Every structure is written in structure tokens, then in C-alpha cells.
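One-letter residues, chain by chain:
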2 protein chains.
Amino acid sequence: MLEKIRRFVIEHGLFSPGEKVIVGVSGGPDSLCLLHILCRLRADLDLKLHVAHLNHKIRGLAAEEDAAFVEKVAKEWGIPCTIEARDVPALAREKSMSLEEAARYARYKFLAEVAIREEAKTIAVGHNADDQVETVVMHWVRGSGLAGLRGMLPRSRLIVGGEEYDLWLVRPLLEISRAEIEAYCREHGLTPRFDLSNLDTTYFRNRLRHELIPYLETFNPRFREVVRRSARLFADDYDFLRRQVEACWHEVVECEEEKGIVFSLSRWLTLHPAMQRGTIREAISRMRRGLRDIGWEHVERARKAVLERRAGVKVTLPQGLVLATGYGIFFIGEEGFAPHEDLPLITEEIALAIPGQTRITESGWKAEASIAPLSQLPNSWDANPDPWQAFLDWRKIKAPVKLRPRQPGDRFKPLGLKGGTKSLHEFMIDEKIPQYLRDKWPILVDREKILWVVGYHISEEALVTPETEEVLIVRVHKDFPS
Amino acid sequence: MLEKIRRFVIEHGLFSPGEKVIVGVSGGPDSLCLLHILCRLRADLDLKLHVAHLNHKIRGLAAEEDAAFVEKVAKEWGIPCTIEARDVPALAREKSMSLEEAARYARYKFLAEVAIREEAKTIAVGHNADDQVETVVMHWVRGSGLAGLRGMLPRSRLIVGGEEYDLWLVRPLLEISRAEIEAYCREHGLTPRFDLSNLDTTYFRNRLRHELIPYLETFNPRFREVVRRSARLFADDYDFLRRQVEACWHEVVECEEEKGIVFSLSRWLTLHPAMQRGTIREAISRMRRGLRDIGWEHVERARKAVLERRAGVKVTLPQGLVLATGYGIFFIGEEGFAPHEDLPLITEEIALAIPGQTRITESGWKAEASIAPLSQLPNSWDANPDPWQAFLDWRKIKAPVKLRPRQPGDRFKPLGLKGGTKSLHEFMIDEKIPQYLRDKWPILVDREKILWVVGYHISEEALVTPETEEVLIVRVHKDFPS
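Residues numbered from 1 in each chain as written. Chains lettered and ligands numbered in written order. Predicted model: local features only at pLDDT ≥ 70, side-chain atom pairs only at ≥ 80, totals over all residues. Heavy atoms only, no water.

### Side note on the overall build of chain A
Thinking step 1. Each helix and strand in chain A was counted, giving 16 helices and 21 strands.
Thinking step 2. Its C-alpha atoms give chain A a radius of gyration of 32 Å, more than 25% over the compact-globule value 23 Å for 482 residues.
Thinking step 3. Principal-axis analysis of the C-alpha atoms places the extent of chain A at approximately 100 × 50 × 40 Å.
Thinking step 4. Considering only intrachain contacts with a sequence separation of at least 6, the fraction spanning at least 24 residues in chain A is 68%.
Thinking step 5. Put simply, chain A shows about 22,000 Å² of open surface, and 49% of that area lies on carbon and sulfur atoms. (Helix = DSSP H or I, 4+ residues; strand = E, 2+ residues; numbered from the N terminus. Rg over C-alpha atoms; globule rule 2.2 N^0.38 Å. Contact = heavy atoms within 4.5 Å. Areas by Shrake-Rupley, 256 points an atom, 1.4 Å probe, with all protein chains shown as cover.)

What follows is the structure, given as C-alpha cells:
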């Protein structure tokens, strides 16, 4: 068994020579066996071991005894050891978690803390091949894509309560059966404590272990082996699909901001369905790093919504995320994130009909222009609260008036800067216009100057004053689908 | 339900307008419902229907009654109909198949025959959503990769007994549950016969249907739905992986012959494990078109063998195929197929040490040359049975002697052509040297002429005669690893 584990460790690159490894030890057979084996391999693999044990405060005296047992073993085997206690029942109440969830949360959080304190990068735990089968069967029964059917990985990032740590969680016993572990313990005179993990597993998992899997074995005596093997294949298939997603990511993603990821609809639609799902899943996982299970139902619902190609569709995703469709794009982001398609973006200049209506065809917005004597403006014009409307002194304007995207070197005299000029570039940064929008942001200009950065300030040079005779009124708006 | 099926038919492109469709009708609820629905859709989808029913001769009178029932229904509904009988029990005995296998074989063979006779390209069968769940669970329990977990496809090539037909098998009811079908039959006054398919399913499948799946539903009430949905995802994932295999195929395959497919080892090793498996699976499936299930255990064993990078390893694959490794290559082919690495291939000319040993470094072979008086040759030299050895008249040779690949315009006078010359190109074709080997095949030449096409004939112009004084003996050989 030692040799089998050594090969597994090397094949999957679980440890780096010279590194310190935190070993989570409950005192049960799995973790005791793990610790024993790592002790035997430590010289060869050049590892420094450190035992970590958490008393979950669930089982009173028995838990104290577990802790004492682990401490004693660590001392006897000459391994430094951190033993702590957390009030898991209190945590469960406080966070409205099941006792099992709270125990899991507290345990991994503790392991992460020990690793950080001890400046270790790797945490080893005792999950065995039967745990793996149970995990996979659980995912299968609950409904899962490849991500679930690949089960636990030999090596993965530690994620606790939605937070991803810069730590590795490794499982050296992942291909060793429970029976082999028990035999190993007997053979080496190890007397494990009754495994807490058997207690705090849920009823669901217990039924799986003691009823469903043995029953499935009556259909195929090699069921366990078969599940484990296919998990390995699925892990590779999944990994390959993810790499392909990464490879096409920059082709289909228009921009990736903290608050949301915007996809080009036309480019995304050319993807294979498997990649369409993959990119949606990837976007969710980038927005919510720690999310352990991204339901494929969410993903599929989101995908179907995009395939409808209708703007204005919104799909709720896990943890406060939404997918929403716009014109030519869709995005996955925080509820409230506004994609640029809700903006009058422009890529070529368009002459403004004055008076009249001008369509910004590419984004579906319109610009309406009219001219009125100052005296005919409503009294409230000066307090105009609509950022999409501007009042300009018609006499200060040199026709033709156009809408266009910015050009290198654009400068203007924004109102409020007391006559100073500012580069448009700086202005956009100061106004926090997102970078990916800046090249398409509409600017109202005349023959000589910038009149209005639409949605923001007008220029000092076109300001309406008491001397103004005629006023150019420009309103940019969109009839959004209801 | 009609609308749901219509959408399914359109989404998956099951039928082309105007085409004739053979409908397999057992008389049971599934196929009766299918026929009824296709009748209702036929005008809209522009289909010509043709009913096909096979009496399996398993259930005596009841089977005769099934046939009469289907005939009557077809007549009433105005659909042309082919009804035939096959002695399935006799077929089972003859081919040593289980009764179920034989029934399946006979049924699909019959459907294919009817389709060909009727010049139809499409055969519709009544597999429903519950059949789909059972199929997927069966694959899952027996151990399967994506290929199995995707279940039955809405549309696939008809394969019977290992033979792939130019016919489509379509399953319009694949997302309709058994309960929905029964309700539909009641609602439309259809009185199906007891479904034969319930009888001839195996004990395994019956246990699956009546015990395992209901039991799994106690773990997740939505189990059936979840399995069906994930089957659809897996079908897409599988399809994507296959396309990627096709995309990398020409990069890693050196040649594809009727008898075998040769891979470049170095290029194949750069593939992702998922693609390594995919290319092996693809090679098996190209060599054995009709093979329904390619065991992933076979594939994985083959992959591991190649990863060892040792030449001379052989792995048995299904149906008389082998994978064997050579130097710089491996191949999947018929038992007995020889890959070119067992040959002294050459890409640049090498001067021959005479006497002495010359290494053909790129393929690991050696050429040994010596000169001996004719009188000292063993008596048996003339009957030389070794194609890798040549005896040449030293006086007829103009040094230097070299080994080289062929050159355009090469001609020579092969022994046996009675002094005529022949283009080397033609010679190679006549001698059936595979095309992909011809450019690297070693040719022994002197300053003026071809002396020997290694492994084949020497030239008339270097023939040893009774007048020969000294003989150049060249032997090309390889010390194969044992």
C-alpha cells in the first residue's frame, strides 16, 4: 500500500520536496493511516509534517478523548501538533447551518488557519476511495454534469465558505479503499478512535453508504471500481473542456469588470453548445470564486435565455448574480450591473437632423433635436435633471452638428471647470466611464468643438446665458422594451 | 404533447420535408402513440409514413394477433404497411445470442430492409423518456464514460450487428414519459397491445425499471428528470470532444491504412489525456465502424501502454484489433499489421562502411557490409531466404556505396525483368510497398545506379555470376528488443 500511495503522490504531484504539510487528523482510521504513511514517506519525499486536530465540541467527553489521543500519537511519533476546539453547535445556530455543514466549515477554516500560521501551502486529508464513490454517487443521484461526476480531485484549491485560499488540499488515500485502510491499521497496530466523520455524515450519505451502494453492487459487483475509474476519466474530460473554454474566452468576452462580464452575442452564438455552457459556467465561477457547485440547471436556463436572442431577458443565477440580455450582448454580473447596451453607443459619426430625429442605429437609441427661443423654455429647464438632455446656445454653435465617438486629442471645456480645458480622456476617467465604453461613448460636436459629452457635462462654450436668443435642445433616449 | 413533440422534431432535425419515414410499430403503447402522432404531424411536416412490424415468433398466437392488430390499424389510418415474421428463437440458437439480442438484431435488420426496399432514409422508433433513463442508468451501473451516459440520441446512424447503414434512426418520443404516453393513448381511444418489449427485456433491465430506479427516486424525487437532462449535456460534451479529436487527428496520425492507423508517438504525447483517449477510441471506431460500445477500460489500458514509451508493447483491443508500440510510433490495427517502424526507414543518404557496420540512426537499424571471394560463400548463398541480405558483384559496383531514400526519376533493372528497366515508383507499387513508406524506403546505390531495393530485388546490373570474383555482402538488420 505504501508503494501504491507513493506512486499516486508522485503521479499527481501532491507534494513539493522540502515543503511543510498540515495533516488533518481526526483520530479515525483514515486520518491515522494517512499520518502513519506520511511519516514513513516523509524522509523519502522530504516533507515536514504538522498535525492539526479540531475538537468540534459536538460529542462532549469523547471529543476530548479524541483530541488527547491525537496529541499523544503526534508526540510519540515526534510530529508538531496544533489542537484546538470550536463550538460547532453554536456556529450552526449562528449561521443557520446544519450541524454537518457547520462542522465542515469549522474544520476546513481551522486547517486553513493552521496552514497560514505554519506557513504551509498544503493540507492533507484522509478521504478514501469509498468516500470518493459515495461523493460521485451522491452527485449522480442529485443530478450533476461532469463537474460532479469527477468526484474529489487528488489535489484541489482549498475553498471554505465561498472563499478560495492560496492553499492546496491533497488526498493521498483517494485510491485506497476503506477495507485496505482498516487492514493497514490492524497490520501496523494502529488503534484509531471511532471516526467522528461517520457520526456527522448526514442521513442521506449514510443511506448511500450502507444501502444504495451495496444495492448497486448487486447489479455490478465491480461497481465501486467502475465509478472510481470513470471519475478519473471525467476529471480529465472536464479539465479539457475548461481549457477549451479558456482558449475561446477572449474571443467571446467583450469585457470583464469587477461587477460583471459582458459577452458578444454574435460571437458567443457561434460556440458549440458545450462551450456555450462552459463559458456561462466560467463567468459565474469568475464572479463567485468560491462557489462550490454551479448548478447545471442554472447554466442551462441561462444558455436557453441567451439563445432566444431577445433583448431585455433576465435570468436569476446563484448568489445574487443575474444574466441579462441586451442588444448584441449579454452579461453575467451583480444584480444592478448595467451593460453598455443600455447606452447610446456609437462607432461612426452621424449628422444630427435639426430640428428632427436621428437614429443611432447600432444601439437602437434616438437623438431628438429642436430649436426654441429662450423665452419659450419651461422655467425648470435650468434644473434639468435628465442627464440625457442638453440645452445649448444655438448662436455659439457652428453647424454641422454631429454625434461621434471620441478621437485622439479630443479636449473640451466642461461646465464647472471655470473655463479651463481638459482632455476628454481624463474627463472620462474622472467621470468613471468604464474603459471598455470609452471608445464608443457618444460626443456631440459642432465643426470646431465638443458641445456635450452625452449623459455628462456640456461645454462652457455652448452654455445658455441670459443673452441667449435661441436654444438647441438635444435629447437622447431609447424606447426600451417593456 | 403534440406541440412538445413537434418542437423536439424540429429542434433535432429528425425529418426532412417530403421524406418517407419507416415507423417501427410493435403494437404496444409507445409505437402506437408514435404512429398516431406522426399521422397528425405528417401533413404539417410533409412526411410519407410506412409502417413496419416484425413478428418475432416468440409468443405464438399473441404475436400473430399483434401483427393482425398493427395491420388493421395501418389500414384504418390509411398507411402502407409491411408485416413480416422471423424465427427469432432459431436465430438465437444459430448465432448463440440471447433471445433478447436476437430479437433486437432481427428487428433492426428488418427495419433496415424495409427502409432500403421503400427507399426511405429514416426509421422512427418509439423509445420514450423512461427507456432513456433506464439506458443511462444501465450504462452508469456497468461503468461508462460520456459515450454511455449520453444515452440514446434523438437521431443516430442505424447500426445492426456491427454494420452501419446509410439510414437514420430517430426517436421522436425521447422526451415523453411512459405515463404521458399511456395518458395519450387513453385520451385518443388507442387500445395498444401488451408491449412485447416489456417481455423481451432482460431480467437486468426489468430489475432496473421496477426496482432500482424507483429506489433511486427515494433519494431524489426528480431523479428521472435529472438523468435525462444530464444525458443531453453529456451528449453535447461528447460531441464537442469528438470534434476536437477530429481537429487534432491529422496532427497525430502518420497514416491511416485499411489495416491499421499509425500514430506519431511524440506528437500524440503532447495531447491532453482526454484527447489521448479520444484518438485511441476514434482509431478503434474507424477500424471497426459498427462497434457499438468501445470499453473505456480497453482505451485506458491502451493509453497507459503507450505512455510507457517502450517499443514492442502489444495490447489486445476488441474484435481482433491490437495496439502495438514501435520506435517513435504506435499503431492500432488488425492483428498482424506491421507498422513501418519495424523497417529500416531512412530520410537522408548514408555512406556504407565497406567492410564494416553502418547505423541507420533514425530507425535504429544497422547495415553490415563485407567482401568475400565467391569461393568462400556458403553453398546456400544462392537460395538466400533473407530478404534483408543481398549478394552483389563487387567488380560491377562503382564506389561510393550509399543507402538513401528514393529520388524522383529513379529507375533500375530489377532481377527477373530480363534486363528491362523499370521506374522505382512503379516497382514500389507493384511490390505493394505502402504509399506512406515509399519516401523513406532504403535504396542501396552506387555512384551510377540502384543496386538493391532493400528487402526486395537486387539489380540485374550487380548480379553475382560464375565470373564474379569478389562478392559484396550487405545485411540490414535490427536487434529488436526481446
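### A word on unusual backbone geometry
Residue and element names in this part refer to chain A.
Thinking step 1. Note that the residue after I354, namely P355, is joined by a cis bond; omega there is -5°.
Thinking step 2. Unlike most non-glycine residues, D46 shows phi in positive territory, near 60°.
Thinking step 3. Here D46 lies in the loop between α2 (29–45) and β2 (48–55).

### Quick word on the packing of helix α1 (residues 2–11) of chain A against α2 of chain A
All names here are of chain A.
Thinking step 1. Running from N to C, α1 and α2 point in directions that differ by 55°, and their axes come no closer than 11 Å. It follows that α1 is oblique to α2 by the angle criterion. Note on packing geometry: the crossing formed by α1 with α2 is right-handed. On the side of α1, the interface is formed by L2, I5, R6 and V9, while α2 contributes I37, R40, L41, D44 and L45.
Thinking step 2. Residues belonging to the contact of α1 with α2 are distributed by class as follows: 6 nonpolar, no polar and 3 charged. (Axes fitted to C-alpha atoms, helices over the stretch in contact; angles between N-to-C directions. Parallel < 35°, antiparallel > 145°, perpendicular 65-115°, else oblique. Left-handed = near helix turned anticlockwise from the far one by under 90°. Nonpolar A, V, L, I, M, F, W, Y, C, P; charged D, E, K, R; others polar.)

### Some words on the packing of aromatic side chains
Where two aromatic rings form a pair, the distance of their centres and the angle of their planes describe that pair.
Thinking step 1. Here the structure, examined in full by the defined rule, presents 23 aromatic pairs over all chains.
Thinking step 2. Geometrically, the ring pair formed by F234 of chain A and F234 of chain B is stacked, given 6.4 Å between the ring centres and 5° between the ring planes. Of this pair, F234 of chain A sits in helix α11 (residues 223–252) while F234 of chain B sits in helix α11 (residues 223–252), each in a different chain. Grouping residues by exposure puts F234 of chain A and F234 of chain B together as buried. (Phe/Tyr/Trp six-rings, centres within 6.5 Å; stacked < 30°, edge-to-face > 60°. Buried < 20%, exposed > 50% of the residue type's maximum accessible area, 1.4 Å probe, protein only.)

### Some remarks on the confidence of the model for chain A
Thinking step 1. Here chain A shows a mean pLDDT of 86. Residues at 70 or above account for 94%.
Thinking step 2. When mean pLDDT is compared element by element in chain A, strand β4 (residues 122–124) of chain A scores highest at 95, while helix α9 (residues 196–199) of chain A scores lowest at 52. (pLDDT = per-residue confidence, 0-100.)

### Considerations on the packing of α11 of chain A against α11 of chain B
Thinking step 1. At a minimum axis distance of 11 Å, the contact between α11 of chain A and α11 of chain B shows a crossing angle of 70°. Overall, the two elements α11 of chain A and α11 of chain B adopt an arrangement that is roughly perpendicular. Between α11 of chain A and α11 of chain B, the contacting residues are D237, F240, L241 and Q244 of chain A on the first element and D237, F240, L241 and Q244 of chain B on the second.
Thinking step 2. Of the residues in the contact of α11 of chain A with α11 of chain B, the class split is 4 nonpolar, 2 polar and 2 charged.

### Notes on the sheet that holds strand β9 (residues 314–316) of chain A
Residue and element names in this part refer to chain A.
Thinking step 1. Read from one edge of the open sheet, 5 strands run β7-β8-β11-β10-β9, paired in antiparallel fashion. The sheet is open, and its two borders are formed by β7 (253–256) and β9, each paired with just one other strand. Going from strand to strand, the sheet's axes swing by 15° on average, the running direction of each strand aside.
Thinking step 2. As paired elements, strand β10 (residues 321–325) and strand β11 (residues 329–334) share 5 bridges and run antiparallel to each other. Residue pairing in the sheet places L323 in a bridge with I332 of β11. (Pairing = 2+ DSSP bridges.)

### With respect to the side chain of N55 of chain B
Residues and elements named next belong to chain B.
Thinking step 1. Mapped onto the elements of the fold, N55 is located in strand β2 (residues 48–55).
Thinking step 2. Relative accessible area serves as the criterion here: at 5%, N55 is assigned to the buried category.
Thinking step 3. With residues up to four places along the chain from it excluded, the contact list for N55 reads A63, E64, E84, A85 and R86.

### Description of empty space enclosed by the protein
Residue and element names in this part refer to chain B.
Thinking step 1. Per the counting criterion, the structure on display carries 1 cavity of 30 Å³ or more.
Thinking step 2. Each pocket or cavity is described by its volume, and for the largest cavity that value is around 30 Å³.
Thinking step 3. Considering the residues around the largest cavity, the lining is formed by K4, I5, F8, P172, E175 and I176.
Thinking step 4. Looking at the lining of the largest cavity residue by residue, the class counts come to 4 nonpolar, no polar and 2 charged. (1 Å grid on protein atoms, 1.4 Å probe; cavity = no way out; pocket = protein on both sides within 12 Å on 5 of 7 lines; lining within 4 Å. Points joined across faces, edges and corners; volume = space filled by probe spheres on them.)

### A word on the nonpolar core
Thinking step 1. Judged by nonpolar contacts, the single largest core of 99 residues is most densely connected at V137 and F263 of chain A together with V137 and F263 of chain B.
Thinking step 2. Non-local contacts of V137 of chain B, meaning those with residues more than four positions away in its chain, are made with W140 of chain A together with L208, L212, I213, L216 and F223 of chain B.
Thinking step 3. Counting 36 residues, the second largest nonpolar core, distinct from the first, contains L45, V70, L173 and I181 of chain A. (Core = buried A, V, L, I, M, F, W, Y, C linked by side-chain atoms within 4.5 Å.)

### Comments concerning the relation of the copies chain A and chain B
Thinking step 1. Least-squares fitting of chain A to chain B yields an RMSD of 0.3 Å, with the superposition described by an axial translation of 0.2 Å and a rotation of 180°. Look at the turn and shift together and you get a two-fold axis relating the two. The rotation axis passes nearest to the C-alpha of L241 of chain A in chain A, at a distance of 4.0 Å.
Thinking step 2. Most of the interface of chain A is mirrored in chain B, where 100% of its interface residues are also at the interface. (Least-squares fit on C-alpha atoms with pLDDT ≥ 70 in both.)

### Quick notes on the pattern of salt bridges
Thinking step 1. Tallied over the entire structure, the rule returns 90 salt bridges over all chains.
Thinking step 2. A salt bridge links K304 of chain B to E300 of chain B; the nearest nitrogen and oxygen atoms lie 3.9 Å apart. Pair noted here: K304 of chain B and E300 of chain B are both in helix α14 (residues 296–307), with a separation of 4 residues, about one helical turn.
Thinking step 3. Here K304 of chain B falls in the partly exposed class, since its relative accessible area comes to 40%.
Thinking step 4. A relative accessible area of 11% means that E300 of chain B is categorised as buried.
Thinking step 5. Taking the shortest distance from any N to any O, the salt bridge between D410 of chain B and R404 of chain B comes out at 2.9 Å. Just as D410 of chain B is buried, R404 of chain B falls in that class too.
Thinking step 6. The network of salt bridges with common partners includes D236 of chain A together with R277, E300, R303 and K304 of chain B. (Salt bridge = Lys/Arg side-chain N within 4 Å of Asp/Glu carboxyl O.)

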